[in-house]
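Residue-level structural notes
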Amino acid sequence: MNDYNFKNNINDNTEYPKRGLMRRIVYALSIFFVVFSAINVMAYFIQKNSNAAVFKKEEAGNAKKIVNDINKKNKKIYKSLSSLFPKRNYIVIDTAKNILYLKNGDTVLYQAVVSTGSGRFLIDPRNQERKWVFDSPRGEFKIKTKIVEPVWVKPDWAFIEEGTDIPKRYNDRIEEGVLGDYALGIGNGYFIHGTLYTRLLGKPVTHGCIRVGDNDLKIVYKAAKIGTKVYIF
């Protein structure tokens, strides 16, 4: 073994302990860094999830509070509206759905499919200024007359629509059997009455009156009194 080899051997032997120590330190630091990073990442997600859970809990609590507040307000509004309901039987007519409701308070006692105004226009060809709109009136009314076996006194527009001459004699205007067995007058020539055209019930086809089927009309007629409120919308 020459001096060079011997020297190198001595240097290698003295450096090994130092290198081993450094490797262990570096290794330990690496592990520490990895563990520390992992702990921090876990802590971040735990905190994030915790905050999200708290947020969701608070959000759910706020939503529940809003719903409760709305329900309380709705109850107050409904209570206020309930006090406005007529104390006796009254009639409500929905022209959009063509349904008549017989009600008492907020309770529906009976309902029936009806026909309401068509909304059509008619112009007198001999006098352009005479015009009619065949629509059911909207608003609050009351039963003014109750008629059994009503007859129809045909107005001018009925003859114009038919394309016939307007009669001069009153009796020539009278037509029987077209309004059913009963009629409830609500004013201005508008009636709740029967119909021959039962197949058209549920459709807006009338000249403004409310057409009702025979059986339904009988029930409504008996339940209504003079002065009974009628609401049409």
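For the structure, see preceding data.
Below or above, wherever it landed, is the structure these notes cover. Keep in mind that what you see is a predicted model, and the values were worked out from it rather than measured.

Counting its regular elements, the protein contains three helices and 13 strands. Counted over contacts in the protein with a minimum sequence separation of 6, partners at least 24 positions apart contribute 58%. For the protein, the accessible surface area stands at approximately 16,500 Å², while carbon and sulfur atoms represent 58% of it.

Examined against the element boundaries, Thr116 turns out to sit in the loop between β3 (107-115) and β4 (120-124). Looking at Thr116, the relative accessible area reads 1%, which means it is buried. Each residue touching Thr116, except ones within four places of it in the same chain, is listed here: Ile93, Thr95, Asn98, Ser136, Lys203, Pro204, Val205, Thr206, Cys209 and Ile210.

This part is about the environment of Lys203. Summarising the element assignment, Lys203 is placed in the loop between β11 (190-193) and β12 (210-212). Taking relative accessible area as the criterion, Lys203 reaches 43% and is therefore assigned partly exposed. With 106 residues separating them in the primary sequence, Lys203 and Lys97 have C-alpha atoms 8.4 Å apart. Residues in contact with Lys203, not counting those within four places in the same chain, are Asn98, Val114, Ser115 and Thr116.

This part takes up the nonpolar core. Soluble globular proteins tend to bury their nonpolar side chains together. Counting 20 residues, the largest nonpolar core has Ile91, Ile93, Leu100, Leu184, Ile192, Val212 and Val230 as its most contacted members. Of all elements in the fold, only β1 (89-94), β2 (99-104), β10 (182-187), β12, α3 (214-223) and β13 (229-232) reach the threshold of two or more residues within this core. Per-element tally for this core: the top contributor is α3, with four residues. Setting aside its immediate chain neighbours within four residues, Ile93 contacts Ile99, Leu100, Thr116, Ile192, Ile210, Val230, Tyr231, Ile232 and Phe233. Counting residues in each nonpolar core, the second largest holds six residues, with Leu122, Trp157, Ala158 and Ile160 among its members.

A contiguous nonpolar patch, built from Val151, Val153, Tyr170 and Ile174 and spanning about 330 Å² of accessible area, is present on the exposed surface. For Val151, the location among the structural elements is in strand β8 (residues 151-153).

Among all positions in α3, only Asp216, Leu217, Val220, Tyr221 and Ala223 are buried. The arc that holds every buried residue of α3, seen down its axis, measures 165°, which confines them to one face. Seen from the open side of α3, the exposed residues pointing more than 90 degrees away from its buried face are Asn215 and Lys222.

Rules behind the numbers
- Residues numbered from 1 in each chain as written.
- Predicted model: local features only at pLDDT ≥ 70, side-chain atom pairs only at ≥ 80, totals over all residues.
- Heavy atoms only, no water.
- Helix = DSSP H or I, 4+ residues; strand = E, 2+ residues; numbered from the N terminus.
- Contact = heavy atoms within 4.5 Å.
- Areas by Shrake-Rupley, 256 points an atom, 1.4 Å probe, with all protein chains shown as cover.
- Buried < 20%, exposed > 50% of the residue type's maximum accessible area, 1.4 Å probe, protein only.
- Core = buried A, V, L, I, M, F, W, Y, C linked by side-chain atoms within 4.5 Å.
- Patch = residues over 30% accessible without salt bridge, like charges linked within 9 Å, V, L, I, M, F, W, Y side chains within 5 Å.
- Salt bridge = Lys/Arg side-chain N within 4 Å of Asp/Glu carboxyl O.
- Arc of directions from axis to C-beta.

Such coordinate-based values are descriptive only and should not be taken to indicate function.
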